[in-house]
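Here's the letter readout for the chains.
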Amino acid sequence: MAGFMVFIGGRDAQQRLERVVSSGTYAAKLRPLVAKPGGGLRFGAPHEGTFADYSTAQPGDSVFFFSNRVIYGVGRLVALGRGPALLNYPGASEPRRLGYSKVRELMLLDEGAASMNQRWLFTFVPDPAFFRQGVVSTPVET
């Protein structure tokens with residue numbers, strides 16, 4: 001069984017963490033696509049690594065959510081359809097830009113126009129729990 005560490009940062013980290021946990025869905029916010037020399041677009045290494053993580057996720061894998069060096073909970077990936085990882089919208093795994101207005105009605109997770117950079121998502125349930133205050137570890141003296 002694998003485990004995934006999910007970092008949620010930024011000014012609105014606490015609010016986003018609460019949205020993620022209450023919805024049971026998480027989608028990494030990826031940077032925009034990279035321009036290819038000579039024209040066109042391509043995925044960068046961060047995109048490819050994220051897609052590799054999502055494509056290897058299996059139901060039952062653990063997912064740990066943390067922010068500001070505090071763990072806020074552990075979840076277990078669950079399958080919706082063929083697995084816990086899903087395309088957020090049709091064409092999300094292709095290196096092309098689609099207009100938000102064209103796919104908005106088809107998105108599984110819509111957090112506004114920025115959701116165009118949330119190409120894949122996974123679904124989870126608390127296992128064992130999530131904590132509003134988080135869990136801070138205390139160093140152990142040896």
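Scroll up a little and you will see the structure.
Small disclaimer: the values here were computed from a predicted structure and weren't measured.

Student: So what exactly am I meant to see when it comes to the pattern of salt bridges here?
Tutor: Note on pairing: side chains with opposite charge can pair once their charged atoms come close. Counted by the stated rule, this structure contains 5 salt bridges. Two residues, D127 and R76, come together in a salt bridge whose shortest N-O distance is 3.0 Å. Taken together, the positions of D127 in strand β8 (residues 120-135) and R76 in strand β6 (residues 70-77) put the pair 51 residues apart, joining distant regions of the chain. For D127, a relative accessible area of 35% translates into the label partly exposed. For R76, a relative accessible area of 33% translates into the label partly exposed. Each member of the salt-bridge network shares a partner with another, and the members are R16, R19 and E111.

Student: Would you mind going over helix α1 (residues 13-23) with me for this structure?
Tutor: Count 3.6 residues to each turn of an α-helix, and residues three or four apart come out pointing the same way. For α1, the full list of buried residues reads A13, R16, L17 and V20. Each buried residue of α1 sits inside an arc of 100° when the element is viewed along its axis, so together they form one side. Buried residues along α1 sit against β2 (25-26), β5 (62-67), β6 and β8. G24, located one to two residues past α1, shows a positive phi value of around 75°.

Student: What am I meant to see in helix α2 (residues 45-56) here?
Tutor: The end-to-end C-alpha separation of α2 is 17 Å, in line with the 16 Å expected for 12 residues at 1.5 Å each. When α2 is considered as a whole, its buried residues turn out to be H47, T50, F51 and Y54. Projected down its long axis, α2 carries its buried residues within an arc of 100°, all on one side. The elements touched by buried residues of α2 are β2, β7 (85-87) and β8.

Student: Looking at this structure, how should I read the pairing of β8?
Tutor: One face of the sheet, then the other: side chains in a regular strand alternate in exactly this way. Here β2 pairs with β8 via 2 bridges, running antiparallel. By the bridge assignment, T25 is partnered in β8 with T123. The pairing of β6 with β8 spans 5 bridges and is classified as antiparallel. In the sheet register, L77 faces β8, and the bridge partner there is F124. Here β7 pairs with β8 via 3 bridges, running antiparallel. The partner of L87 across the bridge, within β8, is W120.

Student: Just to check I follow, could you spell out the pairing of strand β1 (residues 3-7) for this structure?
Tutor: Residues F4 and V6 of β1 are buried on one face, while the alternating residues G3, M5 and F7, pointing to the opposite face, are not. For β1 and β5, the ladder comprises 5 bridges, and the chain directions are parallel. Bridge pairing in β5 places V6 opposite F65.

Conventions adopted
Residues numbered from 1 in each chain as written. Predicted model: local features only at pLDDT ≥ 70, side-chain atom pairs only at ≥ 80, totals over all residues. Heavy atoms only, no water. Salt bridge = Lys/Arg side-chain N within 4 Å of Asp/Glu carboxyl O. Helix = DSSP H or I, 4+ residues; strand = E, 2+ residues; numbered from the N terminus. Buried < 20%, exposed > 50% of the residue type's maximum accessible area, 1.4 Å probe, protein only. Arc of directions from axis to C-beta. Contact = heavy atoms within 4.5 Å. Expected span 1.5 Å × (residues − 1). Pairing = 2+ DSSP bridges.

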